[in-house]
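Given next are the chains, with one letter for each unit.
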Amino acid sequence: MNIYVLLKRTFDTEEKIVVSDGRIEDESAEYIINPYDEYAVEEAIKQRDEHGGEVTVVTVGDEESEKQLRTALAMGADKAVLINTEDDVEDGDQYTTAKILESFFEDKEADLILAGNVAIDEASGQVGPRLAESLGINYVTTITALEIDGESANIDKDVEGDVEKIETALPVLVTCQQGLNEPRYPSLPGIMKAKKKPLEELEIDDLDLDEDDVEAKTETIDIFLPPEKEAGKVLEGEIDDQVKELISLLKNDAKVL
Amino acid sequence: MSKLLVIGEARDGELRNVTFEAVAAAKKIDTDAEVVGVLCGGDDLNGPAQEVIYYGADRVVTVKHNLLEAYTSEGYSQAVLAVIDDEAPDGVIMGHTAIGKDLTPKLAAKLETGLISDATDIEHDGDKAVFIRPIYSGKAFEKKVISSGLTFATIRPNNIPALDRDDSRTGEVTAKDVDVKDIHTVIKDVIRKASEGVDLSEANVIIAGGRGVKSADGFKPLYELADVLGGAVGASRGACDAEYCDYSLQIGQTGKVVTPDLYIAVGISGAIQHLAGMSNSKVIVAINKDPEANIFNVADYGIVGDIFEVIPKLTEEFKQVV
């Protein structure tokens, strides 16, 4: 099976966020594989081990993303592709990324494409379904189980807590939800092997695209931090009195009752 | 005058409140806009269509087809694209729900447009609508505009208030025939796990339990409190991992993102991943026996104490006032 994973390098949102001049300060930040994309990598490896074939991990990003791609290779992916947009795309959006991936996938004959259901940084969840639509293949978002049998795929889809049992046909793009699997940690031999695995670097020119083809349709005009929350009030006294005081505060001060 | 389409959404035969909020969002984008509701389904849609008009839409287009009985991206996109083709709107608004998240990127790709997902507010810069949306797990916000093409956005439930219902409003309801076909993803079964009643993402009040609740039984007092307040019960990842409750209740970075008016965190320590899912709630109450718990740093009000003592007392007291 020809399996692909869409992987994004993301800011670790456990980090403190600093904004200056309407931009996130990211110089000293920690970066990780988007956590939902880790489920995608894990699932891709499991499906390959069961059905054979090859797992290729694809990132649209800059050369810093090589680290996250190597991690995916260390987990067990076979090949990595970095589509480096550093010199060509200044302010891309989801349209941009999907367009680039569409060109990349045009001649790939993928059987299965896996992605995270959302990236924790920009949290739009658009690129997967956009790509599937452009490629004219089926897609199922927020999956929690995947079973492939020949050309058909049986999928559990999380729908706000309910589970839909879905049957569809390959090729299919799925976006992964928590609960699908437990992503493995790269092993030491895995890390050693990953250094020798192929990592191809492309630019949009190699995909016969130029800047205008992928120009964003949306623009971020400002980034700001939410207003600092005032310190909360921890109540004191007997529990009975605290309970009464809390209800009075909710009713009269916060006015939420 | 601009024309804005609002794609409505029903759950168990009832329109979701976010549909009415999306109508209000459309009015917020352009007060003078003609707002056209779009409803898809397998049953008669006239009743729901009237509701959308009562909440501010000028008219509604319905698409009824047996293949639209359950949502599939393929079925709904055919129906909605046919309506978009007829109406040539300036903008399209929908709720950022499971269906909204699944459908709108497909439509955006098909229409080759931008899409601003998960907006929590709308402002204006001259004539231009500016969408405000949380990023980095709610730790920051961005202001985003559409730079070319259709104004297309999804809105997070429970953030933009619906307009007041006015059943004296009237508007045209037209049925559109769409030949829905070629559905390749088939829903064979639906297993209901989400609790009956109030949906977490749309609940005004959420009582969430963490590891401090100690057992599945320990959640019972939380359900009783939720019943009294007309709210929903949620959980931290810790409580789900410990199998006190189903993952469908999980609130956090992985799990649901909620913004209720009142969030009561019970026995939740307040890990950063949990805060990502609830820190934008309007009022947060924390109840925890550990006075050092991080949850107290984001709470508006805190009670340090034994949750099994505090919660039943709260439930009794709330009964007096609501």
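Residues numbered from 1 in each chain as written. Chains lettered and ligands numbered in written order. Predicted model: local features only at pLDDT ≥ 70, side-chain atom pairs only at ≥ 80, totals over all residues. Heavy atoms only, no water.

As recorded in an unreviewed UniProt entry, chain B goes by Electron transfer flavoprotein subunit alpha/FixB family protein and comes from Lentibacillus salicampi. Its UniProt record, at the heading Sequence similarities (unreviewed entry), says of chain B: "Belongs to the ETF alpha-subunit/FixB family." (UniProt positions renumbered as here; feature names shortened; annotations may be inferred.)

As annotated in an unreviewed UniProt entry, chain A carries the name Electron transfer flavoprotein subunit beta and is attributed to Lentibacillus salicampi. Listed under Sequence similarities (unreviewed entry) in UniProt, the entry text for chain A is "Belongs to the ETF beta-subunit/FixA family." Per UniProt, chain A carries the Function (unreviewed entry) text "The electron transfer flavoprotein serves as a specific electron acceptor for other dehydrogenases. It transfers the electrons to the main respiratory chain via ETF-ubiquinone oxidoreductase (ETF dehydrogenase)."

Asker: Tell me what's going on with the overall build of chain A, and back it up with residues and numbers.
Answerer: Within chain A one finds 6 helices and 15 strands. The C-alpha extent of chain A, read off along each of the three principal axes, is 70 × 45 × 40 Å. By the burial criterion, 53% of the 257 residues in chain A qualify as buried. Within chain A, counting contacts between residues at least 6 apart in sequence, those at least 24 apart form 70% of the total. Carbon and sulfur atoms form 42% of the exposed surface of chain A, whose accessible area is close to 12000 Å². (Helix = DSSP H or I, 4+ residues; strand = E, 2+ residues; numbered from the N terminus. Buried < 20%, exposed > 50% of the residue type's maximum accessible area, 1.4 Å probe, protein only. Contact = heavy atoms within 4.5 Å. Areas by Shrake-Rupley, 256 points an atom, 1.4 Å probe, with all protein chains shown as cover.)

Asker: Describe the pattern of salt bridges, and please don't skip the residues or the numbers.
Answerer: Residues and elements named next belong to chain B. Under the criterion given, the structure shown has 44 salt bridges over all chains. In this structure, Glu34 engages Arg59 in a salt bridge whose closest nitrogen and oxygen atoms are separated by 2.8 Å. Highlighted residues: Glu34 in strand S4 (residues 34-41) and Arg59 in strand S5 (residues 59-64), separated in sequence by 25 residues. As far as burial versus exposure is concerned, Glu34 and Arg59 are alike and both buried. (Salt bridge = Lys/Arg side-chain N within 4 Å of Asp/Glu carboxyl O.)

Asker: A description of the domain arrangement of chain A should follow, citing residues and the corresponding values.
Answerer: Under the domain assignment, chain A is made up of domain 1 (2-214) and domain 2 (230-257). When each unit is reduced to the centre of its C-alpha atoms, the spacing between domain 1 of chain A and domain 2 of chain A is 46 Å. (Domains from an automatic or database assignment.)

Asker: Describe the domain arrangement of chain B, naming the residues involved and giving the relevant values.
Answerer: Accessible area lost upon the coming together of the parts serves often as the stated size of an interface. Residue and element names in this part refer to chain B. Its domain assignment divides chain B into domain 1 (3-176) and domain 2 (200-321). Taken residue by residue, the interface counts 11 residues in domain 1 and 12 residues in domain 2. Together, the buried faces of domain 1 and domain 2 total about 930 Å²; carbon and sulfur atoms form 35% of this surface. Contact with domain 2 buries surface across domain 1, with Ser137, Arg156 and Asn158 losing the most and accounting together for 54% of the total. Linking domain 1 with domain 2 are 1 salt bridge, by the criterion used here. Residue Glu202 is joined to Arg16 by a salt bridge in which the shortest nitrogen-to-oxygen separation is 3.4 Å. (Buried area = accessible area lost by both parts, 1.4 Å probe.)

Asker: I'd like a rundown of the pairing of strand S8 (residues 121-125) of chain B, residues and numbers included.
Answerer: All names here are of chain B. Bridge count between S8 and strand S9 (residues 128-135): 5 bridges; the pairing is antiparallel. Bridge pairing links Ile122 to Phe131 in S9. From the end of S8 to the start of S9, which pair antiparallel, there are 2 residues, and Gly126 there has a positive phi angle of about 65°. (Pairing = 2+ DSSP bridges.)

Asker: Can you tell me about the environment of B:Gly114, naming the residues and giving the values?
Answerer: With respect to the secondary-structure elements, B:Gly114 resides in the loop between helix H4 (98-111) and strand S7 (116-119). For the pair B:Gly114 and B:Val304, spaced 190 residues apart in the sequence, the C-alpha separation amounts to 48 Å. Each residue touching B:Gly114, except ones within four places of it in the same chain, is listed here: A:Arg130, A:Lys217, A:Thr218, B:Ala108, B:Ile146 and B:Phe152.

Asker: Which residues make up the sheet that holds strand S16 (residues 262-266) of chain B, and what values do they have?
Answerer: The strand order S15(A)-S18(B)-S17(B)-S16(B)-S14(B)-S15(B) describes an open sheet built from 6 strands, whose pairing is parallel. Every interior strand has two partners, whereas the edge strands, strand S15 (233-234) of chain A together with strand S15 (232-235) of chain B, have only one. Note: S16(B) against strand S17 (residues 283-288) of chain B, 5 bridges, orientation parallel. Bridging across to S17(B), B:Val266 finds its partner in B:Ile287. Each of S16, S17 and strand S18 (301-304) of chain B is contacted by helix H9 (residues 307-321) of chain B, which is oriented at about 135° to S17(B), the strand it contacts most. (Axes fitted to C-alpha atoms, helices over the stretch in contact; angles between N-to-C directions.)

Asker: For the side chain of A:Glu160, give the residues involved together with the corresponding values.
Answerer: On the secondary structure map, A:Glu160 appears in the loop between strand S10 (152-159) and strand S11 (162-169). Within polar-contact distance, the side chain of A:Glu160 engages the side chain of B:Arg11 at 3.3 Å. (Polar contact = N/O pair within 3.5 Å; in protein donor to acceptor, adjacent residues only side chain to side chain.)

Asker: Could you give me a rundown of the sheet that holds S5(B), with the residues and numbers involved?
Answerer: Residues and elements named next belong to chain B. Read across the sheet, 7 strands follow the order S7-S11-S6-S1-S4-S5-S12 without closing on themselves; strand pairing throughout is parallel. This sheet does not close on itself; its edge strands, each paired only once, are S7 and strand S12 (172-175). With direction set aside, neighbouring strand axes in the sheet form an average angle of 25°. Relative to S4, strand S1 (residues 3-7) runs parallel, the two sharing 5 bridges. By the bridge assignment for S4, Lys3 is matched with Glu34.

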